[in-house]
Amino acid sequence: MLFYLIDKKLNNTTDNDSKANNMTTLLQLNSSIFSANGNSSQLANEFVAKWQAKNPTASLIVRDLASHPLPHLDAQRVSAFFTPPESRTPEQLVYVEESDALINELKQATVIVIGLPMYNFGIPSTLKAYFDQIARAGVTFRYTANGPEGLLSGKKVYVFAARGGQYAGTALDSQTTYVRDFLGFLGMSDVEFVYAEGLNMGEEIKAKALANAQQRLAELAV
Ligand SMILES: Cc1cc2nc3c(=O)[nH]c(=O)nc-3n(C[C@H](O)[C@H](O)[C@H](O)COP(=O)(O)O)c2cc1C
């Protein structure tokens with residue numbers, strides 16, 4: 001089954017609740033500003049196609065964060081999150097519903113695929129906006145006497161990272177640490193990174209990097 005959920009007004013009901021039906025769901029988040037033409041999107045798409053071939057009954061949800069960006073977190077939205085449900089204004093209820101829909105979508109997925117370009121040494125702002133919508137105290141993480149506890153466990157995450165330069169394994173790769181730490185904070189600690197690096201360093205390096213990434217994604221698509 002293929003669902004393209006590209007409208008930010010998502011349905012909060014569970015018509016296609018894969019968990020209830022015991023069905024596997026893959027949630028794909030592409031964040032290249034070039035949408036499907038981005039290198040990260042193409043690698044993520046190739047992985048998903050191979051994964052689907054091995055998991056033909058699984059559900060797929062695709063979210064293109066560039067063509068359908070989410071609003072940035074602001075004081076109004078974060079205040080809505082912090083307001084007790086019974087005291088929320090109609091406007092605050094809408095803000096919380098939008099975040100809840102994203103979280104419900106994420107909760108129902110057991111496999112998460114992220115297309116991750118590097119822009120100006122960071123992650124795309126659209127992906128950061130998504131992260132800001134799903135990090136909710138008491139909903140996706142909580143603080144306990146033993147420290148923070150992520151509430152989104154039992155998921156496998158694949159990240160397809162595309163970069164113009166070569167940074168993996170160096171201090172300049174702030175992306176990997178940040179994404180791994182953020183996902184881990186929410187309970188998603190099983191994260192696999194596949195890198196395509198040096199894409200702006202000439203055709204030969206680019207071709208080799210993409211071929212290596214394609215080989216790795218084919219191995220991972222089970
Ligand atoms: C606005 C912009 C900023 C970029 N900044 C960096 C950077 O800081 N480091 C880097 O290695 N590559 C950088 N690049 C190159 C991209 O990482 C590379 O083009 C990669 O393919 C982007 O992924 P995408 O094709 O999925 O969009 C940048 C590209 C653009 C368009």
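Further up the page is the structure itself.
Residues numbered from 1 in each chain as written. Predicted model: local features only at pLDDT ≥ 70, side-chain atom pairs only at ≥ 80, totals over all residues.

### Let's talk about the overall build of the protein
Here's step 1: What the protein contains, in helices and strands, is six helices and eight strands.
Here's step 2: Along the protein, from the amino end to the carboxyl end, the secondary structure elements read β-β-α-β-α-α-β-α-β-β-β-α-β-α.
Here's step 3: With the C-alpha coordinates of the protein rotated into their principal frame, the extents come out at 60 × 40 × 35 Å.
Here's step 4: Relative to its 222 residues, the protein shows a buried fraction of 32%.
Here's step 5: Considering only residue pairs separated by 6 or more positions, the protein has 79% of its internal contacts joining residues 24 or more positions apart. (Helix = DSSP H or I, 4+ residues; strand = E, 2+ residues; numbered from the N terminus. Buried ≥ 20, exposed ≤ 12 C-beta atoms within 10 Å, placed from the backbone. Contact = placed C-beta atoms within 7 Å.)

### What to know about the nonpolar core
Here's step 1: By size, the foremost hydrophobic cluster in this structure holds 43 residues, and its most contacted members are L43, F47, V113, V159, F160, A161 and V194.
Here's step 2: Here this core takes six residues from strand β7 (residues 156–162), the largest share from any one element.
Here's step 3: Those residues in contact with F160, other than ones at most four positions away along the chain, are S40, L43, A44, F47, G115, L116 and V194. (Core = buried A, V, L, I, M, F, W, Y, C linked by C-beta atoms within 7 Å.)

### Overview of the environment of L186
Here's step 1: In this fold, L186 is placed in the loop between α5 (174–185) and β8 (190–196).
Here's step 2: Measuring from C-alpha to C-alpha, the distance between L186 and A135 comes to 7.3 Å, with 51 residues separating the pair along the chain.

### Concerning the site of the ligand
Here's step 1: Close to the ligand lie 18 residues, the nearest being G38, S40, P117, G164 and G165.
Here's step 2: The element that contributes the greatest number of residues to the shell around the ligand is helix α1 (residues 39–54), accounting for three residues.
Here's step 3: Of the residues belonging to the shell around the ligand, the class tally is eight nonpolar, nine polar and one charged. (Near = placed C-beta within 6 Å. Nonpolar A, V, L, I, M, F, W, Y, C, P; charged D, E, K, R; others polar.)

### Some words on the packing of helix α2 (residues 75–82) against helix α3 (residues 90–108)
Here's step 1: Orientation of α2 relative to α3, taken along the N-to-C sense of each, is 85 degrees, at an axis distance of 9 Å. As summarised for this structure, α2 and α3 are arranged roughly perpendicular, according to the angle between their axes. Counted together, Q76, R77, A80 and F81 of α2 and Q92, Y95, V96 and S99 of α3 form the full contact between these two elements.
Here's step 2: Classifying every residue of the contact of α2 with α3 by side-chain character gives four nonpolar, three polar and one charged. (Axes fitted to C-alpha atoms, helices over the stretch in contact; angles between N-to-C directions. Parallel < 35°, antiparallel > 145°, perpendicular 65-115°, else oblique.)

### A closer look at unusual backbone geometry
It is generally the case that most residues other than glycine have a negative phi and that most peptide bonds are trans.
Here's step 1: In the Ramachandran plot, S35 falls in the positive-phi region, its phi being about 45 degrees despite a non-glycine side chain.
Here's step 2: Here S35 shows up in the loop between β2 (25–30) and α1.
Here's step 3: Residue S35 is classed as partly exposed on the basis of its C-beta count, with 15 C-beta atoms lying within 10 Å.
Here's step 4: Positive phi is not limited to glycine here, since N120 has a value of about 50 degrees.
Here's step 5: Topologically, N120 is positioned in the loop between β4 (111–117) and α4 (125–134).
Here's step 6: Classification of N120 by C-beta neighbours within 10 Å gives exposed; the count is 7.

### Some words on α5
Here's step 1: Under the 1.5 Å per step criterion, the end-to-end length of α5 is 16 Å for twelve residues, consistent within 8% with the ideal 16 Å.
Here's step 2: All of the buried residues in α5 are Q175, V179 and L183. Across the axial projection of α5, the buried residues extend over an arc of 45 degrees, all falling on one side. In α5, the exposed positions angled more than 90 degrees off the buried face are occupied by T177 and D181.
Here's step 3: The secondary structure elements touched by the buried residues of α5 are β4, β7 and β8.
Here's step 4: Immediately beyond the C-terminal end of α5, within one or two residues, lies G187, with a positive phi of roughly 105 degrees. (Expected span 1.5 Å × (residues − 1). Arc of directions from axis to C-beta.)

### So, the pairing of β4
Here's step 1: Most of β4 is tucked away, with six of its seven residues classed as buried.
Here's step 2: Where β2 lies against β4, five bridges are found, and the strand directions are parallel. The residue of β4 that forms the bridge with L29 is I114.
Here's step 3: Where β4 meets β7, seven bridges bridge the pair, whose relative direction is parallel. Its bridge partner lying in β7, I112 is registered against V157. (Pairing = 2+ DSSP bridges.)

### Re the environment of V96
Here's step 1: Secondary-structure assignment places V96 in helix α3.
Here's step 2: Classification of V96 as partly exposed rests on a count of 17 C-beta atoms within 10 Å.
Here's step 3: Placed 87 residues apart in sequence, V96 and L183 show a C-alpha to C-alpha distance of 21 Å.
Here's step 4: Not counting residues up to four positions away in its chain, the partners in contact with V96 are A80, F81 and R88.

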